[in-house]
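Structure assessment
Residue strings, one per chain:
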Amino acid sequence: MKKTAAASTTSVPATPATTAAPARGGRVSRLSQLTVPSMPQSVASTAAKSSFVQITSNALVPPPPIAVKKDPKLVNNWKTKSPEELSDAEVIAMPDSEYMNEKQMAFFRLKLQELKRGILENAGETTEHLREDTVVVPDPADRATIEEEHALELRTRDRERKLLKKIEQSIQRIDAGDYGYCDETGEPIGVGRLLARPTATLSLEAQQRRELKQKMFGD
């Protein structure tokens, strides 16, 4: 009898470890019956790599620089005109060898001073507007409209206040003889870029690299 019992126990195959155990009460758990379709690991990793390479390759391509057209008829006008009389087109037409000479420095100083004067005038007008609109308006809708206009005007003045600081720094760079050259590379920023943004301190390529880093890694 003992041999028969032993034989019966050895003949029963062992239950695999991967077989799900029944739940309480003899019922099979529905969770054990669910199967989640999955992508093969090699396919998933290949797809992830290809998508990553595609995104980074598109992001690292900087936009092409904008070419500034020079009028050959105006190339020598700067020799006979004062900085106050020079136009933007005449400054652009100046030879590259005359980049940031005394007349160009004086020309951009006048531009910066004009910008500064305009910002200060706008600030004075905003102060007058705020003083004139101190009367209490009984209509809530009209009062909300006036407050929104004041808020918008104050935000504009705040941006101009930050620009005013950059203008003063640019004038100091002219006094030091560093105006018109990139802070990172030391290369010329370019007359065209300075005409569009007189407070620029980086060349177009350096500015694009900085903006790209900010997009990729944050501020």
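Preceding this paragraph is the structure being described.
Residues numbered from 1 in each chain as written. Predicted model: local features only at pLDDT ≥ 70, side-chain atom pairs only at ≥ 80, totals over all residues. Heavy atoms only, no water.

**Here's the deal with the nonpolar core**
One finds Val 91, Met 100, Phe 108, Tyr 179, Val 191 and Leu 194 to be the most contacted residues of the largest nonpolar core, which totals 25 residues. Ranked by residues supplied to this core, first place goes to helix H5 (residues 102–132) with 5 residues. Apart from the residues within four sequence positions on either side, Tyr 179 is in contact with Met 100, Met 105, Phe 108, Leu 112, Ser 170, Arg 173, Ile 174, Leu 194 and Pro 198. (Core = buried A, V, L, I, M, F, W, Y, C linked by side-chain atoms within 4.5 Å. Buried < 20%, exposed > 50% of the residue type's maximum accessible area, 1.4 Å probe, protein only. Helix = DSSP H or I, 4+ residues; strand = E, 2+ residues; numbered from the N terminus. Contact = heavy atoms within 4.5 Å.)

**Some points on the pattern of salt bridges**
Summed over the entire model, instances satisfying the criterion amount to 7 salt bridges. For Asp 96, the salt bridge is made with Lys 70, and the minimal N-O distance between the two is 2.6 Å. Of this pair, Asp 96 sits in the loop between helix H4 (88–92) and H5 while Lys 70 sits in the loop between helix H3 (41–59) and H4; the two residues are 26 residues apart in sequence, bridging distant segments of the chain. With a relative accessible area of 63%, Asp 96 lands in the exposed category. The class for Lys 70 is partly exposed, based on a relative accessible area of 41%. (Salt bridge = Lys/Arg side-chain N within 4 Å of Asp/Glu carboxyl O.)

**Side note on the packing of aromatic side chains**
Here the structure, examined in full by the defined rule, presents 3 aromatic pairs. Each ring, one from Tyr 99 and one from Tyr 181, has its centre 5.5 Å from the other, and the planes form 85°; the classification is edge-to-face. With a gap of 82 residues between them, Tyr 99 in the loop between H4 and H5 and Tyr 181 in the loop between helix H6 (140–176) and helix H7 (191–196) connect regions that are remote in the sequence. You can call Tyr 99 buried: its relative accessible area is 14%. You can call Tyr 181 partly exposed: its relative accessible area is 30%. When the ring of Phe 107 is compared with that of Phe 108, the centres are 5.4 Å apart and the planes differ by 85°; the resulting orientation is edge-to-face. (Phe/Tyr/Trp six-rings, centres within 6.5 Å; stacked < 30°, edge-to-face > 60°.)

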